[in-house]
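One-letter residues, chain by chain:
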Amino acid sequence: MDTFRAVPLFSISGLFFPYRVSHGIAGTLLGEMALCAKKRPPEEERRARANDREYNEKFQYASNCIKTSKYNILTFLPVNLFEQFQEVANTYFLFLLILQLIPQISSLSWFTTIVPLVLVLTITAVKDATDDYFRHKSDNQVNNRQSQVLINGILQQEQWMNVCVGDIIKLENNQFVAADLLLLSSSEPHGLCYIETAELDGETNMKVRQAIPVTSELGDISKLAKFDGPDTKLMQNSGRTKFKRTSIDRLMNTLVLWIFGFLVCMGVILAIGNAIWEHEVGTRFQVYLPWDEAVDSAFFSGFLSFWSYIIILNTVVPISLYVSVEVIRLGHSYFINWDKKMFCMKKRTPAEARTTTLNEELGQVEYIFSDKTGTLTQNIMVFNKCSIYGRSYGDVFDVLGHKAELGEKPEPVDFSFNPLADKKFLFWDPSLLEAVKIGDPHTHEFFRLLSLCHTVMSEEKNEGELYYKAQSPDEGALVTAARNFGFVFRSRTPKTITVHEMGTAITYQLLAILDFNNIRKRMSVIVRNPEGKIRLYCKGADTILLDRLHHSTQELLNTTMDHLNEYAGEGLRTLVLAYRDLDEEYYEEWAERRLQASLAQDSREDRLASVYEEVENNMMLLGATAIEDKLQQGVPETIALLTLANIKIWVLTGDKQETAVNIGYSCKMLTDDMTEVFIVTGHTVLEVREELRKAREKMMDSSRSVGNGFTYQETLSSSKLTSVLEAVAGEYALVINGHSLAHALEADMELEFLETACACKAVICCRVTPLQKAQVVELVKKYKKAVTLAIGDGANDVSMIKTAHIGVGISGQEGIQAVLASDYSFSQFKFLQRLLLVHGRWSYLRMCKFLCYFFYKNFAFTMVHFWFGFFCGFSAQTVYDQYFITLYNIVYTSLPVLAMGVFDQDVPEQRSMEYPKLYEPGQLNLLFNKREFFICIAQGIYTSVLMFFIPYGVFAEATRDDGTQLADYQSFAVTVATSLVIVVSVQIGLDTGYWTAINHFFIWGSLAVYFAILFAMHSNGLFDMFPNQFRFVGNAQNTLAQPTVWLTIVLTTVVCIMPVVAFRFLRLNLKPDLSDTVRYTQLVRKKQKAQHRCMRRVGRTGSRRSGYAFSHQEGFGELIMSGKNMRLSSLALSSFTTRSSSSWIESLRRKKSDSASSPSGSADKPLKG
């Protein structure tokens, strides 16, 4: 079992070692933590003694206990209530409740407000308590993990939360790490240990860490805790948790204030009316209608009337609105959780809505910021094709000589001849194995190079069971390919490499490793074979190596370049392989120069690079490899579909530029059809500014050349440039490195970067830090006023996820940090299209329709009181009885609108995916905005006018069957209330686009409940039990028995509804929107046989690109040569799938460009997607 010890600044054998570190730079980022603490000033140095807690406590370093929960038992009630009453509406209703307790101004009982208010507060509190319970549970799980800590000279089990700075920790193989640690020693030779950071960055390849020399001989794996809790690098880069609100929430808060202002205006009008009426008319009735004792003037009567009307008219914003919104959001969240099409069978992982407050925002996303490793890709490399001495291998042909299509491949190559082959490795072209078996010298030399030129470590746990540990996944893929074809890298020492070549063990003397870095983009090894021949083997980026070949290889080079173009056209990552023979005398001279360069005190790197450059010339071309970086299934399709929905996708990755660009091509973010791909690599502010300026000029020049008539002006502060740049002709992409991005994000240049980036179809930011990811997201949020979504899988994405309006975590083997910080989680990137285009769009549509209807029905309900005020002496008398007022929003009209808000849809889910343009109304916020709000209010006021004056006019002259006057207060109230319930029920029937049994039951059931309660409240039974509360016995029965009343109800309903029906009919025929067209097409398709169209898959052709080394670190070759990395390790790089081709994208693009208008005449005409 591998073990290691760790210490936080340390004291060994009584010696004290001061460990000085710049805060946030030193320390190894390990483990799985999510930590919170108060912000402290940055440290300039940190001192600690190993295994001396008493000494270390005086520095008051942070505790290692994590806390993501918000409440405890004692603080829950006050803190939660305080948070809830920060909502404007809750405070408003509390104020109304206090007013209702004053008998001089309240004409309604207090229970009409307190019942809904308590219901809202309770439901919200239960939800918050449940969420916090799971936070506590997660915190406890992490805090109570066990570590072996050296306490008083004895190793003891200690909980993570009790680990302190200075503690010496013993870790064993495959254990999580409790904090940022300093490696003191390891059980492996030379103090080496290997770590996996999948929990942090999603990368499963191993990183090497070496103990400091003074402690490396302690044995086992010892580590010293340097930074605990909130001081760890992970927490320093994670960003603060932000409370997220949707744009609809923010708009609702504004509208509530407006409605409150409108309510005050109505109260003032009616109060003035009351004062005038009391002064002019009311004084005449003082004998039998005296003022209250406290009222001594008409003015004061008007003042009290103002507050009375504030209470009566408060239902324009009922508190049930907020309850209903929460219930609808909860329903939408459950639909996401229950969606079987977002369930990953392989990982047994469902989609999860980790918040209930952002669902409708999913329907308004304009920018997606995505991580790469583990999010777009599986981080699995597959040896796909190769070119050896002018011949390409990897394609499979049928008997007629045609290339086999996907799904037509025969059985994979049989490697049973090789007992050391990796059984998970698959290759489809048998001709390559035949070339190896017949002893083709070029093929043998090709695989010999792959088995020697690398920095992979090998472990053999059991006889014949090899496990490779590679610093980059592509290196592992190449060595594994050589292994299966008979050239098995078996072991290495600091000075030798042992390879089994076709069953024969051959040991090569390792003379030098010319290490990889981002400037050289290649690596070489110099070896001496058993015959004494010295040869340099080199592999690297094609753009670098092709210029260093011997001139005699020109013909072979031309053929290989054709193969490279073909491979690049398929989105594969290419490497060129070459070799050079060296004579003994030349090597000895070169080795001396290399030694002198390595010992130089200044410009060591430059001198070594010059020496390397000298020997890596005049090489003989051997061939090329093509590695497929396995994208997650469905990534290209998802990106193309989201792009058609007018969503811009930016990739923010810590990987190097070549890797990111290759992934961009693989997932079709970048294409060879693009007008230009701008690459910004400047190292200074001036260089970056100039590169951005040239990019904008090229885009503007292109627009002018096609006659758009744009005039370029360098005035970034104006919105005109924004619109001009975003309307440029052609498709552009922007690739920017981390050091350039640091300058671009400075205050005086951020707008230039933003405008340039937003004009591009695709943006890729490489080598970015976690905080830079968050800064890019914040920049777009700040200036574009667009809804942003960030998606990632590792802890290095947490800051970005928290910053974006919506954070999505990819769950699965890469870790849970991103999931814990996210608002939504699922296991594969492809589920994002369904989350946005189906669930998000439906949630936005449903919430908008719900709000429009809710405001309409409540204005129609409340404004009747306003009109009635002019006919009751402004006395604050209500039209309806108080029970109807109480039950209207929580019984009579609550369930139908909830059913619409939860279940409604305009088109089926298949059409939502088929026509991505249906998503655009949410981005433009067309379905609920201030204009739509005023339309709903106007319709509600119009309905209230008819609701009051039609019955009022009829009752003024109408008589009963027996000839008596029909008009009385209670009969009028029953008629208006019945008309209102019927009208709003018919209206929601018109608004419902998708009928279910639940909708029918709730709408018609609510009507039945209304009549049942109405007759019950006017029954003898309730009168007998509560004679003071239910005094109007038989009123409902007598009123609704009159034909005149029903004619009045029918007339009111028709006059209220017919204009709406007429308007919608005209709009549907004269100006239908895309959803109307899709519904019409769907109806036509039901009558015709659907035509199935097969889409041919088209591969991409184009330029060569190299993507060597995902995360290969410079200097690892030197470590190998020193002998310090010799160990037995484990991790097999295997498992891959076949990448689907992408010609379907062309079909989607044709659909987007060819379909201009709605297909009203033919169902077969393609719609605009």
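See above for the structure.
Quick notes on the rules
- Residues numbered from 1 in each chain as written.
- Predicted model: local features only at pLDDT ≥ 70, side-chain atom pairs only at ≥ 80, totals over all residues.
- Heavy atoms only, no water.
- Helix = DSSP H or I, 4+ residues; strand = E, 2+ residues; numbered from the N terminus.
- Buried < 20%, exposed > 50% of the residue type's maximum accessible area, 1.4 Å probe, protein only.
- Contact = heavy atoms within 4.5 Å.
- Areas by Shrake-Rupley, 256 points an atom, 1.4 Å probe, with all protein chains shown as cover.
- Pairing = 2+ DSSP bridges.
- Axes fitted to C-alpha atoms, helices over the stretch in contact; angles between N-to-C directions.
- Patch = residues over 30% accessible without salt bridge, like charges linked within 9 Å, V, L, I, M, F, W, Y side chains within 5 Å.
- Salt bridge = Lys/Arg side-chain N within 4 Å of Asp/Glu carboxyl O.
- Phe/Tyr/Trp six-rings, centres within 6.5 Å; stacked < 30°, edge-to-face > 60°.
- Lys NZ or Arg CZ within 6 Å of the ring centre and 35° of its normal.
- Disulfide = S-S within 2.5 Å.
- Expected span 1.5 Å × (residues − 1).
- Core = buried A, V, L, I, M, F, W, Y, C linked by side-chain atoms within 4.5 Å.
- Domains from an automatic or database assignment.
- Lys, Arg positive; Asp, Glu negative; His and termini not counted.
- Charge placed at Lys NZ, Arg CZ, Asp CG, Glu CD.
- 1 Å grid on protein atoms, 1.4 Å probe; cavity = no way out; pocket = protein on both sides within 12 Å on 5 of 7 lines; lining within 4 Å.
- Points joined across faces, edges and corners; volume = space filled by probe spheres on them.
- Nonpolar A, V, L, I, M, F, W, Y, C, P; charged D, E, K, R; others polar.
- Left-handed = near helix turned anticlockwise from the far one by under 90°.

**Focus: the overall build of the chain**
Moving on, step 1. A count of helices and strands for the chain gives 39 helices and 28 strands.
Moving on, step 2. Here the chain, with 1169 residues, has 57% of them falling under the buried criterion.
Moving on, step 3. If you take every contact in the chain between residues at least 6 apart in sequence, the share linking residues at least 24 apart comes to 77%.
Moving on, step 4. Entry remark: accessible area of the chain is about 49600 Å², with carbon and sulfur atoms responsible for 58%.

**Notes on the sheet that holds strand β22 (residues 648-652)**
Moving on, step 1. Spatially, β9-β28-β27-β26-β10-β22-β25-β24-β23 is the arrangement adopted by the nine strands of the open sheet, whose pairing is mixed. Each of the sheet's edge strands pairs with one partner strand only, and the pair in question is β9 (352-353) and β23 (676-680).
Moving on, step 2. Relative to strand β25 (residues 762-765), strand β24 (residues 732-736) is paired through four bridges, and the arrangement is parallel. Considered in β25, the bridge of valine 735 is made with isoleucine 764.
Moving on, step 3. Helix α22 (residues 750-758) contacts β10 (365-370), β22, β24 and β25 of the sheet and is inclined by roughly 125° relative to β22.

**Observations regarding a nonpolar patch on the surface**
Moving on, step 1. On the surface, Val986, Leu990, Val1050, Val1054, Met1058 and Val1061 cluster together into a nonpolar patch covering about 450 Å² of accessible area.
Moving on, step 2. Elements with a minimum of two residues in the nonpolar patch: α32 (969-991) and α36 (1043-1070).
Moving on, step 3. For the nonpolar patch, the element with the most residues is α36, which contributes four residues.

**Considerations on the pairing of strand β26 (residues 787-792)**
Moving on, step 1. Most of β26 is tucked away: six of the six residues are buried.
Moving on, step 2. Burial along β26 is two-sided: the residues Val787, Leu789 and Ile791 and Thr788, Ala790 and Gly792 are all buried.
Moving on, step 3. With five bridges joining them, β10 and β26 adopt parallel strand pairing. Bridge assignment links isoleucine 368 to a residue of β26, and that residue is leucine 789.

**As for the packing of aromatic side chains**
Moving on, step 1. Within this structure, the stated rule accounts for 59 aromatic pairs.
Moving on, step 2. Ring centres 4.2 Å apart and planes at 15° place the aromatic pair phenylalanine 861 and tyrosine 888 in the stacked group. With phenylalanine 861 in helix α26 (residues 831-869) and tyrosine 888 in helix α27 (residues 882-892), this residue pair connects regions lying 27 residues apart in the sequence.
Moving on, step 3. The interplanar angle of 75° and the centroid separation of 6.0 Å between the aromatic rings of phenylalanine 871 and phenylalanine 949 together place this pair among those described as edge-to-face. Taken together, the residues phenylalanine 871 in the loop between α26 and α27 and phenylalanine 949 in helix α31 (residues 930-957) connect sequence positions 78 residues apart.
Moving on, step 4. Residue class for phenylalanine 949 comes out partly exposed when judged on its relative accessible area of 36%.
Moving on, step 5. An aromatic cluster of at least three residues, connected via ring pairs, comprises Phe866, Trp867, Phe868, Phe870, Phe871, Phe874, Phe948, Phe949, Tyr952, Phe955, Tyr969 and Phe972.
Moving on, step 6. Over the ring of tyrosine 468 we find arginine 483, and its NZ or CZ is 5.4 Å from the ring centre.
Moving on, step 7. Positioned above the aromatic ring of phenylalanine 854, the side-chain terminus of lysine 857 is 4.1 Å from the ring centre.

**Some details on the state of the cysteines**
Moving on, step 1. Considering all chains together, one arrives at zero disulfides under this definition.
Moving on, step 2. Take cysteine 852: it sits in no disulfide, and the sulfur closest to it among the cysteines is that of cysteine 936, at 3.6 Å.

**Some remarks on unusual backbone geometry**
Moving on, step 1. Of note in the backbone geometry, lysine 668 takes a positive phi value of approximately 70° without being a glycine.
Moving on, step 2. Along the polypeptide, lysine 668 turns up in the loop between α18 (657-666) and β23.
Moving on, step 3. One non-glycine residue, phenylalanine 874, adopts positive backbone phi at about 50°.
Moving on, step 4. Relative to the helices and strands, phenylalanine 874 resides in the loop between α26 and α27.

**Brief notes about helix α37 (residues 1074-1087)**
Moving on, step 1. Taking 1.5 Å of rise per residue, the 14 residues of α37 would be expected to cover 20 Å, and the 20 Å separating its terminal C-alpha atoms lies within 8% of that figure.
Moving on, step 2. For α37, the set of buried residues is Ser1075, Asp1076, Thr1077, Val1078, Thr1081, Gln1082 and Val1084.
Moving on, step 3. Where α37 is buried, its residues touch α29 (909-914) and α36.

**Re the pattern of salt bridges**
Moving on, step 1. Tallied over the entire structure, the rule returns 47 salt bridges.
Moving on, step 2. Note that glutamate 326 and arginine 329 form a salt bridge whose closest N and O atoms lie 3.8 Å from each other. Of the two residues, glutamate 326 and arginine 329 both sit in helix α9 (residues 320-338), three residues apart, roughly one turn of that helix.
Moving on, step 3. Notably, a salt bridge pairs arginine 448 with glutamate 445, separated by 2.4 Å at the nearest N-O pair. Of this pair, arginine 448 and glutamate 445 both sit in helix α11 (residues 441-452), separated by three residues, roughly a single helical turn.
Moving on, step 4. Among the residues examined, glutamate 445 registers a relative accessible area of 10% and is labelled buried.
Moving on, step 5. One continuous salt-bridge network, built from bridges that share partners, spans Glu445, Arg448, Glu501, Lys533, Arg535 and Asp581.

**Remarks on the nonpolar core**
Moving on, step 1. Membership of the largest hydrophobic core comes to 100 residues, with the highest contact counts inside it found for Leu321, Phe850, Leu851, Tyr880, Phe884 and Leu980.
Moving on, step 2. Ranked by residues supplied to this core, first place goes to α26 with 18 residues.
Moving on, step 3. Looking at this core, you find at least three residues from each of domain 1 (4-21 + 46-232) and domain 2 (247-308 + 320-330 + 838-1068).
Moving on, step 4. Here tyrosine 880 is in contact with Ala860, Phe861, Val864, His865, Ile885, Tyr969, Ala973, Val976, Ala977 and Leu980, once residues within four sequence places are set aside.
Moving on, step 5. Residues Phe415, Leu420, Ala470 and Phe489 belong to the second largest nonpolar core, which totals 50 residues.

**Description of a negative patch on the surface**
Moving on, step 1. On the surface, a cluster of negative charge is contributed by Asp583, Glu585, Glu588 and Glu589.
Moving on, step 2. Looking at where glutamate 589 falls in the secondary structure, it is placed in helix α15 (residues 584-598).
Moving on, step 3. Among the residues examined, glutamate 589 registers a relative accessible area of 41% and is labelled partly exposed.

**Observations regarding empty space enclosed by the protein**
Moving on, step 1. Following the criterion strictly, the structure yields seven cavities of 30 Å³ or more and no others.
Moving on, step 2. Lining of the second largest cavity is provided by Tyr880, Asp881, Phe884, Tyr892, Gln970, Ala973, Val974, Ala977, Tyr1010, Leu1014, Met1017 and His1018.
Moving on, step 3. At four residues, the largest contribution of residues to the lining of the second largest cavity is made by α32.
Moving on, step 4. Residues of the lining of the second largest cavity, tallied by class, amount to nine nonpolar, two polar and one charged.

**Section: the pairing of strand β20 (residues 573-582)**
Moving on, step 1. The element β20 is largely enclosed, with a buried count of nine among its ten residues.
Moving on, step 2. Pairing of strand β19 (residues 534-540) with β20 involves seven bridges; the strand directions are antiparallel. Paired with glycine 540 across the strands is valine 576, a residue of β20.
Moving on, step 3. Sheet topology places β20 next to strand β21 (residues 620-631); seven bridges connect them, and they run antiparallel. Directly across from threonine 574, in β21, lies its bridge partner alanine 626.

**Focus: the packing of α9 against helix α28 (residues 894-903)**
Moving on, step 1. In contact at an axis separation of 9 Å, α9 and α28 are set at 35° when each is read in the N-to-C sense. For the element pair α9 and α28, the recorded crossing hand is right-handed. On the side of α9, the interface is formed by Ser324, Val327, Ile328, His332 and Phe335, while α28 contributes Leu898, Gly901, Val902 and Phe903.
Moving on, step 2. The class makeup of the residues in the contact of α9 with α28 is six nonpolar, three polar and no charged.

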